[in-house]
Amino acid sequence: MAALDGLPPLRDVIQRHGLDAKKALGQNFLLDLNLTQKIARTAGALEDVTVIEVGPGPGGLTRAILALGAKKVVAIERDSRCLPALAEISDHYPNRLDVIEGDALKIDFEAISGGGPVKIIANLPYNVGTQLLVNWLLPKTWPPFWQSLTLMFQREVGLRIVADADDDHYGRLGVLCGWRTNSRMAFDVPPQAFTPPPKVTSSVVHLEPIANPIPCAVTSLEKVTHAAFGQRRKMLRQSLKPLGGEALLAKAEIDPQRRAETLSVEEFCRLANCL
């Protein structure tokens, strides 16, 4: 990447700015610039697109996104120590990088998106990644403001995102993602690609919104999935007892002896609509 964009190697940037990764912020810096380009390419064409990135750190992925032609990157960084490193990237790509210092969980992403085509690409901090994904899946209006999400998680979370019925990883997150998106595992990233190396393998997941998902109230779907997967080893007639049990299942035409992990997304939506 140094040859590609003329900026210093990331290790030099980190050393010069004293950027040791902070566990409290869920930081693991990705220094392999071949990998950052691979992540950015997974999002597809970036020309004429505004990319929102969460947790850019020293800017390895940011540089890849800009080098691959993104019209603009809006990067949200909570760690003020990283701002000088990001400012250097901004100087190198005039008017193409906006950095917002703040907590991503408190940001109105639609408001900062600028109104044009938006893709979200991020090596998400481990401690907030799942909550951010759920927030992006549940905006006020659908289809959402974003065209795609290309996100890195711990592999365990990635497997939960793409899981279907009868998969051991299938749960509330799989139902929510399966209801509103088409998702796929793009590739795994080994611990040694990061500084410091995490204890687990990571995975890049790509999600695209389904324009017309099954009509269903989010609150009802959340209640049903919470109850069903809260006691996933029990039959549905038992786990859904607080919501009506056998009467609810009969209304939805679902066998009360089945278990949560065997139900399709469509069946969960049917249960939610019968509540």
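Check the entry above for the structure.
Residues numbered from 1 in each chain as written. Predicted model: local features only at pLDDT ≥ 70, side-chain atom pairs only at ≥ 80, totals over all residues. Heavy atoms only, no water.

Enquirer: Would you explain the overall build of the protein chain in this entry?
Expert: Along the protein chain, the regular secondary structure elements total 13 helices and 9 strands. Here the C-alpha radius of gyration of the protein chain, 20 Å, is about what a compact globule of 275 residues would show, namely 19 Å. Seen through its principal axes, the protein chain has C-alpha atoms that stretch 65 × 40 × 25 Å. Going through the 275 residues of the protein chain one by one, you find that 49% of them count as buried. Taking contacts inside the protein chain between residues at least 6 apart in sequence as the whole, the part at least 24 apart equals 70%. When the accessible surface of the protein chain is summed, it comes to about 12,500 Å², and 49% of that surface belongs to carbon and sulfur atoms. On the protein chain, the mean spot of the 31 positive side-chain charges and the mean spot of the 30 negative ones are 5 Å from each other. (Helix = DSSP H or I, 4+ residues; strand = E, 2+ residues; numbered from the N terminus. Rg over C-alpha atoms; globule rule 2.2 N^0.38 Å. Buried < 20%, exposed > 50% of the residue type's maximum accessible area, 1.4 Å probe, protein only. Contact = heavy atoms within 4.5 Å. Areas by Shrake-Rupley, 256 points an atom, 1.4 Å probe, with all protein chains shown as cover. Lys, Arg positive; Asp, Glu negative; His and termini not counted. Charge placed at Lys NZ, Arg CZ, Asp CG, Glu CD.)

Enquirer: I keep staring at the packing of aromatic side chains and nothing clicks. Help me out?
Expert: Working definition: an aromatic ring pair is given by the centre-to-centre distance plus the angle between the planes. Tallying each qualifying case throughout the model produces 4 aromatic pairs. Relative to Trp146, the ring of Trp142 lies with its centre 5.9 Å away and its plane at 85 degrees, an arrangement referred to as edge-to-face. Residue classification places Trp142 among the buried positions, given a relative accessible area of 18%. Three or more aromatic residues joined by ring pairs form one cluster here, namely Tyr170, Phe229 and Phe268. Above the ring of Phe187, the side-chain terminus of Lys38 is found at 4.3 Å from the ring centroid. (Phe/Tyr/Trp six-rings, centres within 6.5 Å; stacked < 30°, edge-to-face > 60°. Lys NZ or Arg CZ within 6 Å of the ring centre and 35° of its normal.)

Enquirer: Sorry if this is basic, but what is going on with the pairing of strand S3 (residues 72–77) here?
Expert: Put simply, side chains in a regular strand alternate between the two faces of the sheet. Of all 6 residues in S3, 5 are buried; the element is thus mostly enclosed. Bridge count for strand S2 (residues 50–54) against S3 is 5 bridges, and the pairing is parallel. For Glu53, the partnering residue across the bridge sits in S3 and is Ala75. Chirality of the crossover, the property in question, places the unit of S2, helix H4 (residues 60–67) and S3 among those that are right-handed. Here S3 runs beside strand S4 (residues 97–101); their pairing, made up of 5 bridges, is parallel. Across the sheet, the residue bridging to Val74 is Asp98, located in S4. Taking the sense of rotation as the criterion, the β-α-β connection linking S3, helix H5 (residues 83–92) and S4 turns out right-handed. (Pairing = 2+ DSSP bridges. Right-handed = clockwise from strand over helix to strand, strands pointing away.)

Enquirer: Explain the packing of helix H7 (residues 129–137) against helix H9 (residues 172–180) to me, please; I cannot follow it from the model alone.
Expert: The description of two helices packed together rests on the angle between their axes and the distance between the axes. The interhelical angle for the contact between H7 and H9, taken along N-to-C directions, is 35 degrees, at an axis separation of 11 Å. Judged by the twist between their axes, the crossing of H7 over H9 is left-handed. Taking contact as the criterion, the partners of Thr130, Leu133, Val134 and Leu137 in H7 are, on H9, Leu173, Leu176, Cys177 and Arg180. Grouping the constituent residues of the contact of H7 with H9 by class yields 6 nonpolar, 1 polar and 1 charged. (Axes fitted to C-alpha atoms, helices over the stretch in contact; angles between N-to-C directions. Left-handed = near helix turned anticlockwise from the far one by under 90°. Nonpolar A, V, L, I, M, F, W, Y, C, P; charged D, E, K, R; others polar.)

Enquirer: Mind showing me how you'd approach the sheet that holds S3 here?
Expert: Each strand in a sheet pairs with another by means of backbone hydrogen bonds, the pair being arranged parallel or else antiparallel. Read from one edge to the other, the open sheet built from 7 strands follows the order S4-S3-S2-S5-S6-S9-S7, with strand pairing classed as mixed. The outermost strands of the open sheet, each flanked by one partner alone, are S4 and strand S7 (181–189). For this sheet, the mean angle separating the axes of adjacent strands, direction not counted, is 20 degrees. Here strand S6 (residues 148–154) runs beside strand S9 (residues 202–209); their pairing, made up of 6 bridges, is antiparallel. Bridging across to S9, Phe153 finds its partner in Ser203.

Enquirer: Please explain a negative patch on the surface as it appears in this structure.
Expert: A cluster of acidic side chains, namely Asp164, Asp166, Asp167 and Asp168, defines a negative patch on the protein surface. Residue position: Asp167 is located in the loop between helix H8 (155–162) and H9. You can call Asp167 partly exposed: its relative accessible area is 31%. (Patch = residues over 30% accessible without salt bridge, like charges linked within 9 Å, V, L, I, M, F, W, Y side chains within 5 Å. Salt bridge = Lys/Arg side-chain N within 4 Å of Asp/Glu carboxyl O.)

Enquirer: Hey, could you run me through the side chain of Thr150 in this one?
Expert: Structurally, Thr150 can be placed in strand S6. If near-sequence neighbours (up to four positions away) are discounted, Thr150 is found in contact with Ile39, Thr42, Ala43, Ile120, Ile121, Ala122, Val204, Val205 and His206.

Enquirer: How do you make sense of the state of the cysteines when you look at a structure like this?
Expert: When the sulfur atoms of two cysteines share a covalent bond, that bond is a disulfide. Inspection of the entire model under this criterion finds 0 disulfides. Considering cysteine sulfurs only, Cys269 is the nearest to Cys216, which forms no disulfide, with 4.1 Å between them. Residue class for Cys216 comes out buried when judged on its relative accessible area of 15%. (Disulfide = S-S within 2.5 Å.)

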